[in-house]
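Structural characterization, general
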Amino acid sequence: MSVLEVRNLTKKFGKVTTLDGVNFEVRSGEVFGFIGPNGAGKSTTIRILLGILKATDGEVKLFGKDAWDEAVEIHKRVAYVPGDVNLWPNLTGGEVIDLFVKLRGTNNKSRREELIKKFDLDPTKKCRTYSKGNRQKVALIAAFSSDADLYILDEPTSGLDPLMEQVFQECVKEVKNKGKSVLLSSHILSEVEKLCDRVGIIRQGKIIETGSLNELRHLTRTHILVETKKPISSLSKLQGIHDIKETNQGLTFQVDTEELDSAIRHISQFGIVKLESAPPTLEDLFMRHYESKNNAEGKSINESK
């Protein structure tokens, strides 16, 4: 069952097309990673989901309701954290958290106190004294204190230190375990990889790939370090081999995962003494989409196979 459905979403500002036929969905009980560089269209998409901007064309539904026409009803079930939080300067952090929680009609004081302690926030200080990281903490505590069905998080860990990022990740896992859904927009690929069931990659206003991490693994490259008894010959002639380098430890190269078997068969002829492999990461996948200037803009993976 889909909590969020985006179909052929287009947004134009005058003659400039910011979003061009975007399609994706967030299913019930899953964490969906929405990734792409700055300016790719992530925040514009999220503003449309929240009913702040009206789509030029296409369909956006949350809980089966139209994002623009039924925004008030939708907001009762959504918690949102932006990447740059602005707070009332004369209120304390605790007062802001209480205000947000009451607006949602929930009043779970024990959850509030638990999160304040976890995020190591002093709720008695005025918001004008807070650093960027502490302003993010206020928004995160308010969001996770509420009993939302969908959490929309737009670069939520911006300004947080690594320890607080870990606390954030624990909170995401907790709401997922309760059957809630999360849309996580982030450029921190390790964060997305740890938390997300599926990812959608947006580039220049177009979704260029969507799928589970397992479904995307075949598109990435495995890093190999090998030492052999005899020098390896003809490796560069094999299909799917990239970035061959000689080091003090042996030979390193990258291999397209679908060609890994033939590569291992080839190098085994030269007497393997040591073999190390590093599995492909989401970052490998992400970089392959963005590093090549030869690919046509918005070209899909299916077209490039």
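None of these values were measured; they are calculated from a predicted model.

Per the secondary structure count, the protein chain includes 11 helices and 14 strands. Its C-alpha atoms put the protein chain at 70 × 45 × 35 Å along the principal axes. Taken across its 305 residues, the protein chain has 46% of its residues classed as buried. Taking as baseline every contact in the protein chain between residues at least 6 positions apart, the subset at least 24 positions apart corresponds to 70%. Entry remark: accessible area of the protein chain is about 15,700 Å², with carbon and sulfur atoms responsible for 46%. For the protein chain, the distance from the average site of its 45 positive side-chain charges to the average site of its 43 negative ones is 2 Å.

If you walk across this open sheet you meet the six strands as 6-7-8-3-9-10, and the pairing is mixed. The open sheet has two edge strands with one neighbour each: strand 6 (78-81) and strand 10 (206-212). With direction set aside, neighbouring strand axes in the sheet form an average angle of 15°. Here six bridges tie strand 9 (residues 198-203) to strand 10, and the two strands are oriented antiparallel to one another. Note that in strand 10 the partner of Arg 198 across the bridge is Ser 212.

Right, let's get into a nonpolar patch on the surface. A surface patch of nonpolar side chains, about 390 Å² in accessible area, is lined by Trp 88, Leu 99, Phe 100 and Leu 103. Relative to the assigned elements, Leu 99 resides in helix 3 (residues 93-103). With relative accessibility at 33%, the residue Leu 99 sits in the partly exposed group.

Okay, the state of the cysteines next. As enumerated under the stated definition, the model contains zero disulfides in all. Summary of cysteine pairing: Cys 171 is not part of a disulfide, and the nearest cysteine sulfur, belonging to Cys 196, is at 15 Å. Cys 171 sits in the buried class, given a relative accessible area of 0%. Classification of Cys 196 as buried rests on a relative accessible area of 7%.

Moving on: the nonpolar core. Judged by nonpolar contacts, the single largest core of 45 residues is most densely connected at Phe 119, Phe 144, Leu 153 and Phe 168. Not counting chain neighbours up to four residues away, the residues in contact with Phe 144 comprise Arg 111, Leu 115, Tyr 151, Leu 153, Phe 168, Cys 171, Val 172 and Val 175.

Here we come to the packing of helix 3 against helix 5 (residues 132-145). Closest axis-to-axis distance for the helix 3/helix 5 pair is 9 Å, and the angle between their directions is 35°. Taken as a pair, helix 3 and helix 5 cross one another with a handedness that is right-handed. From helix 3, Gly 93, Val 96, Ile 97, Phe 100 and Val 101 reach across to helix 5, where they touch Val 138, Ile 141, Ala 142 and Ser 145. Here the contact of helix 3 with helix 5 is composed, by residue class, of seven nonpolar, two polar and no charged.

Before going further, it helps to spend a moment on the confidence of the model for the protein chain. Overall, the prediction assigns the protein chain a mean pLDDT of 88, with 92% of residues at 70 or greater. Of the regions scoring below 50 in pLDDT, residues 293-305 engages in 13 contacts with residues more than four places distant in sequence or in other chains.

In this structure the tally under the stated criterion is 20 salt bridges. Of the charged contacts, one joins Lys 206 and Asp 20 as a salt bridge, the two residues approaching to 3.7 Å between their closest N and O atoms. You can see Lys 206 sitting in strand 10 and its partner Asp 20 sitting in strand 2 (residues 16-27), a full 186 residues away along the chain. In this structure, Lys 61 engages Glu 59 in a salt bridge whose closest nitrogen and oxygen atoms are separated by 3.9 Å.

We now examine the environment of Val 31. Secondary-structure assignment places Val 31 in strand 3 (residues 31-35). Looking at Val 31, the relative accessible area reads 1%, which means it is buried. Discounting chain neighbours no more than four positions away, the residues touching Val 31 are Val 172, Lys 176, Val 182, Leu 195, Cys 196, Asp 197 and Arg 198.

Once that is clear, we can look at the packing of aromatic side chains. Counted by the stated rule, this structure contains five aromatic pairs. Pairing Phe 144 with Tyr 151 gives two aromatic rings, centres 5.5 Å apart and planes at 25°, and the pair type is stacked. Pair check on accessibility: Phe 144 and Tyr 151 agree, each one buried. Among the aromatic side chains, those forming a connected cluster through ring pairs are Phe 24, Phe 32 and Phe 34. The ring of Phe 13 carries Lys 11 above its face, with NZ or CZ at 5.1 Å from the centroid. Positioned over the ring face of Phe 63 is Arg 77, at 3.9 Å from the centre of the ring.

What follows deals with the sheet that holds strand 11 (residues 221-228). The strand order 12-13-11-14 describes an open sheet built from four strands, whose pairing is antiparallel. Since the sheet does not close on itself, it has two edges, and those belong to strand 12 (241-247) and strand 14 (272-278), each with one partner. Pairs of neighbouring strands in the sheet enclose a mean axial angle of 20°, with direction left out of account. Bridge count for strand 11 against strand 14 is six bridges, and the pairing is antiparallel. Bridging across to strand 14, Glu 227 finds its partner in Lys 274.

Here is what the cut-offs are and how they apply
Residues numbered from 1 in each chain as written. Predicted model: local features only at pLDDT ≥ 70, side-chain atom pairs only at ≥ 80, totals over all residues. Heavy atoms only, no water. Helix = DSSP H or I, 4+ residues; strand = E, 2+ residues; numbered from the N terminus. Buried < 20%, exposed > 50% of the residue type's maximum accessible area, 1.4 Å probe, protein only. Contact = heavy atoms within 4.5 Å. Areas by Shrake-Rupley, 256 points an atom, 1.4 Å probe, with all protein chains shown as cover. Lys, Arg positive; Asp, Glu negative; His and termini not counted. Charge placed at Lys NZ, Arg CZ, Asp CG, Glu CD. Pairing = 2+ DSSP bridges. Axes fitted to C-alpha atoms, helices over the stretch in contact; angles between N-to-C directions. Patch = residues over 30% accessible without salt bridge, like charges linked within 9 Å, V, L, I, M, F, W, Y side chains within 5 Å. Salt bridge = Lys/Arg side-chain N within 4 Å of Asp/Glu carboxyl O. Disulfide = S-S within 2.5 Å. Core = buried A, V, L, I, M, F, W, Y, C linked by side-chain atoms within 4.5 Å. Left-handed = near helix turned anticlockwise from the far one by under 90°. Nonpolar A, V, L, I, M, F, W, Y, C, P; charged D, E, K, R; others polar. pLDDT = per-residue confidence, 0-100. Phe/Tyr/Trp six-rings, centres within 6.5 Å; stacked < 30°, edge-to-face > 60°. Lys NZ or Arg CZ within 6 Å of the ring centre and 35° of its normal.

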